[in-house]
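# Understanding the architecture of this molecule
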Amino acid sequence: MPLSIRIDSPTVILGDAESSSLLRGTVVLDLKEPTRFKAVRLVLVGRARLQWRDNAIKRTVLSREWSFLPAGSTSHPLLLPVGEHTWPFETMLEGHLPESVQGSSYGEIEYHLKAEGVRPIVKNLVCRMPLQVWREPCVRQGPVREIVHEDQVIAYEAVARKAIYGRGETVVVDMYAEQYSDWHVRSITTVFKEIVVLPPSPEEVRVLRFVREQGPFDRTLPADLRVRIPQFTQYDASNTLFSIRHQLEVTVTLECDTAMKKECRIALPIVVTQDLLVRAMTHEEDNMGQLPSYADALLPPLYMSPEFNTLYYSTSAPSSCVTTPADEPDHWLSFDCNDHSIIRLPSYSETAPELA
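Residues numbered from 1 in each chain as written. Predicted model: local features only at pLDDT ≥ 70, side-chain atom pairs only at ≥ 80, totals over all residues. Heavy atoms only, no water.

## As for the packing of aromatic side chains
Counted by the stated rule, this structure contains two aromatic pairs. Here Trp-66 and Phe-89 contribute two aromatic rings whose centre-to-centre distance is 5.3 Å and whose plane-to-plane angle is 55 degrees, an arrangement assigned as tilted. Taken together, the positions of Trp-66 in strand S6 (residues 55-67) and Phe-89 in strand S8 (residues 83-94) put the pair 23 residues apart, joining distant regions of the chain. Of the two residues examined, Trp-66 and Phe-89, each falls in the buried class. Here the aromatic rings of Phe-68 and Trp-87 are separated by 5.8 Å at their centres, their planes lie at 25 degrees, and the arrangement is stacked. With Phe-68 in the loop between S6 and strand S7 (78-80) and Trp-87 in strand S8, this residue pair connects regions lying 19 residues apart in the sequence. For the cation-ring pair, Arg-167 lies above Tyr-235, with the distance from its terminal atom to the ring centre recorded as 3.9 Å. (Phe/Tyr/Trp six-rings, centres within 6.5 Å; stacked < 30°, edge-to-face > 60°. Helix = DSSP H or I, 4+ residues; strand = E, 2+ residues; numbered from the N terminus. Buried < 20%, exposed > 50% of the residue type's maximum accessible area, 1.4 Å probe, protein only. Lys NZ or Arg CZ within 6 Å of the ring centre and 35° of its normal.)

This is the structure in structure tokens:
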């Protein structure tokens, strides 16, 4: 095609709202014969079409334009000779811009470049190029820890082995706990949630994944909990139009000898982003030497003694489990909960024996 757009990268990575990212490229016109042009121009447009409950957003979130021929060419077309003609362009994209959204039930946010060579009489030359706008997570890759301590009931810690995931990855949460003699863990429920805010609508919470391990547990807890992030999960987003975030909620249900019940809940923030960003951030942490080793990531909490960890950090399998699958949200209804080959959560040594 005689008219084309060349850019350094088809993806722009934004930082926080106060930063800006550079988009740079070139419009190229390759002529095989002398041709008159009234204008050669380029536009960059971002459009949002979002629908949430009764709240709809339809607006242009970005509009930039470049004109490459001298003023007056519109009324007196300029004759361009044979050969390749190039016009460089660049612009800064502000950090407050919304991220690209495609294939979402919430709607779409799309960016594209359009170059146009306007000719007298004959049809114009047009070239379009989509542009992806992503946002770098504001957290570092590494373990995420939360601790709950209920006096005379239970003290436990949940540790997600890393903070940032791609679609289809498995979140592994290691559990450390101390149960007091009068209380017993009846079940552990893990829920993966997607939380969406599109002002002025109220916050909406969607349950994307559900796993329950049914006890009773003989004063031991499963060594790890595993939840796979569904492929239909939306990427985390934070901008002036809307926000999407995720969390993994771990609820421990306890019962005492007098039949009293208690629930202790931990919420671990989980970031879901594009696979390329996950790999890039993991590689960056590895090179900086800040990503702890597997052994370091699983260090017991300070309040637990070595003797306690020998006693309570167990690889015992749960007696039963209820779960939703990762990618077919309607198929879980037909799951056979007695088929332990499907539903039992494997230990780390089973899934990666060479690292055990």
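## Side note on the nonpolar core
If you look at the biggest cluster of nonpolar residues, it comprises 43 residues, and the most contacted ones within it are Val-27, Leu-42, Phe-89 and Phe-242. Listing elements by their share of this core, those giving two or more residues are strand S1 (3-7), strand S2 (11-14), strand S3 (20-31), strand S5 (39-52), S6, S8, strand S10 (107-118) and strand S11 (125-135). Looking at which element gives the most residues to this core, the answer is S5, with six residues. Excluding residues that lie within four positions of it along the chain, Val-27 makes contacts with Leu-3, Ser-4, Val-40, Leu-42, Phe-68, His-85, Thr-86, Trp-87, Phe-89 and Ala-115. Ranked by size, the runner-up nonpolar core spans 36 residues in total, among them Ala-163, Leu-248, Val-271 and Met-281. (Core = buried A, V, L, I, M, F, W, Y, C linked by side-chain atoms within 4.5 Å. Contact = heavy atoms within 4.5 Å.)

## Focus on unusual backbone geometry
Apart from glycine, the bulk of residues carry a negative phi angle, and the bulk of peptide bonds sit in the trans form. Going from Pro-199 to Pro-200, the amide bond is cis rather than trans, its omega being 5 degrees. Among the structural elements, Pro-200 can be located in the loop between strand S16 (183-197) and strand S17 (204-214).

## Notes on the sheet that holds S3
An order of S1-S3-S8 is seen for the three strands of this open sheet, with the pairing classed as antiparallel. Strand pairing shows two members of the sheet lacking a second neighbour, S1 and S8, which therefore form its edges. Adjacent strand axes in the sheet meet at a mean angle of 20 degrees, parallel and antiparallel pairs treated alike. Judged from the 12 bridges that link them, S3 and S8 form a sheet pairing that is antiparallel. Looking at the pairing, Thr-26 lines up with Pro-88 of S8. (Pairing = 2+ DSSP bridges. Axes fitted to C-alpha atoms, helices over the stretch in contact; angles between N-to-C directions.)

## Looking at the confidence of the model for the protein
When pLDDT is averaged along the protein, the result is 79; 76% of the residues meet or exceed 70. Every residue in residues 289-319 scores below 50 in pLDDT, and together they form 63 contacts with partners more than four places removed in sequence or on other chains. Counting interchain partners and residues more than four positions distant, the pLDDT-below-50 stretch residues 326-356 has 46 contacts. (pLDDT = per-residue confidence, 0-100.)

## A few points about the pattern of salt bridges
Applying the stated criterion to the full structure yields 18 salt bridges. Across the pair Asp-8 and Arg-24 runs a salt bridge, and its minimum N-O distance is 3.1 Å. Of this pair, Asp-8 sits in the loop between S1 and S2 while Arg-24 sits in strand S3; the two residues are 16 residues apart in sequence, bridging distant segments of the chain. Arg-24 gets classed as partly exposed once you look at its relative accessible area, which sits at 40%. Where Lys-162 meets Glu-169, a salt bridge forms, and the shortest distance between an N and an O atom there is 2.6 Å. (Salt bridge = Lys/Arg side-chain N within 4 Å of Asp/Glu carboxyl O.)

## A few points about the side chain of Gln-234
When you line up the elements, Gln-234 lands in the loop between strand S18 (224-228) and strand S19 (237-238). Looking at Gln-234, its side chain comes within polar contact range of the side chain of Ser-104, at 3.5 Å. (Polar contact = N/O pair within 3.5 Å; in protein donor to acceptor, adjacent residues only side chain to side chain.)

## Overview of the environment of Glu-178
Among the secondary structure elements, Glu-178 is positioned in strand S15 (residues 170-179). C-alpha of Glu-178 to C-alpha of Val-153: the two residues are 25 residues apart in sequence and 8.6 Å apart in space.

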